[in-house]
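For reference, the chains in residue letters:
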Amino acid sequence: MKKSLFVGFVMLLVSLLMVPVVVAEMPGSDADALWSYITKDSPYQQWSFWPDHQGMQNGRAPHGPKHKVYVNDKALVANTPPLEYGAIQVKENFNMAGELKAITVMYKIKDYNPNDGDWFWVKYSPDGKVAKAGKPAGCIGCHGTRAKNDFVLVHDIK
Ligand code: HEC
């Protein structure tokens, strides 16, 4: 009796330890999966801002006159470029009236595009439709002017 209780206890313990920790896996270079990740698994509006780029900011073409840039913890911890793999920046782009017009995202994926900082670039409509995704020459051309800052424009990584 005692022994079977003990065995039962050990089996319970083992099964508890085997329960997988529920952590949402990060998506690959898939714009729809990334949208689902940043809106459902890890909602980006609960992330942080760069310390020197908080909340609504004025912006330049082509992104729209106003924006907010949210960054996840993997981006935030960086104190020297490049950012860690898994780093994500989500930029909400607004018109002058403050209406959300587009969401542009940079997501750092290991070995995705080593020549240009391994960033996966996506432009979404406000409801998550993919307008551009992958390695668009436009995104890389502009942001590439700051390749030494890991293609990030709104914040100096240091
Ligand atoms: C014509 C130049 C230009 C192009 C093209 C461009 N960007 Fe940007 N991007 C900027 C500028 C300038 C900023 C700084 C914020 C601002 O002024 O709006 C910025 C900021 C960002 C940010 C905030 C983080 C950061 O790096 O500062 C993201 C995310 C972003 N862009 C994504 C994209 C994506 C995705 C594309 C392609 C679909 C793209 N950008 C194309 C100029 C450009």
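Higher on the page you've got the structure.
Predicted model, so just to flag it, every value in this text is computed and none were measured.

Student: Is there a simple way to think about the site of the ligand in this case?
Tutor: Around the ligand, the structure places 23 residues, and the nearest of them are G59, C139, C142, L153 and V154. Looking at the shell around the ligand, the elements that each hand over two or more residues are β3 (66–71), β4 (88–94), β5 (100–108), β6 (119–124) and α4 (137–143). Broken down by element, the residue count for the shell around the ligand peaks at 4 residues, all from α4. A per-class count over the shell around the ligand returns 12 nonpolar, 7 polar and 4 charged.

Student: Quick question: what am I supposed to make of the nonpolar core here?
Tutor: Taken as a class, soluble globular proteins show a tendency for nonpolar side chains to be buried jointly. Ranked by size, the top nonpolar core spans 26 residues in total, and within it L34, I38, I88, V90, V105, Y107 and V122 carry the most contacts. Those elements that provide at least two residues to this core are α2 (31–41), β3, β4, β5 and β6. Every residue in contact with V90, bar those within four places of it in the chain, is listed here: I38, Y44, Y70, I103 and V105.

Student: How do you make sense of the pairing of β3 when you look at a structure like this?
Tutor: Residues in a regular strand project their side chains so that they alternate between the two faces of the sheet. Sheet topology note: the strand β1 (residues 48–49)/β3 ladder contains 2 bridges and is antiparallel. Each residue of the ladder has a partner; that of F49, found in β3, is Y70. Looking at chain direction, strand β2 (residues 57–58) and β3 are connected through 2 bridges and run antiparallel. In the strand pairing of β3, N58 is matched with K66. As judged from the 6 bridges shared by β3 and β4, these two strands associate in the antiparallel manner. Pairing of K66 across the sheet is with F94, part of β4.

What counts, and where the lines are drawn
- Residues numbered from 1 in each chain as written.
- Predicted model: local features only at pLDDT ≥ 70, side-chain atom pairs only at ≥ 80, totals over all residues.
- Near = placed C-beta within 6 Å.
- Helix = DSSP H or I, 4+ residues; strand = E, 2+ residues; numbered from the N terminus.
- Nonpolar A, V, L, I, M, F, W, Y, C, P; charged D, E, K, R; others polar.
- Core = buried A, V, L, I, M, F, W, Y, C linked by C-beta atoms within 7 Å.
- Buried ≥ 20, exposed ≤ 12 C-beta atoms within 10 Å, placed from the backbone.
- Contact = placed C-beta atoms within 7 Å.
- Pairing = 2+ DSSP bridges.

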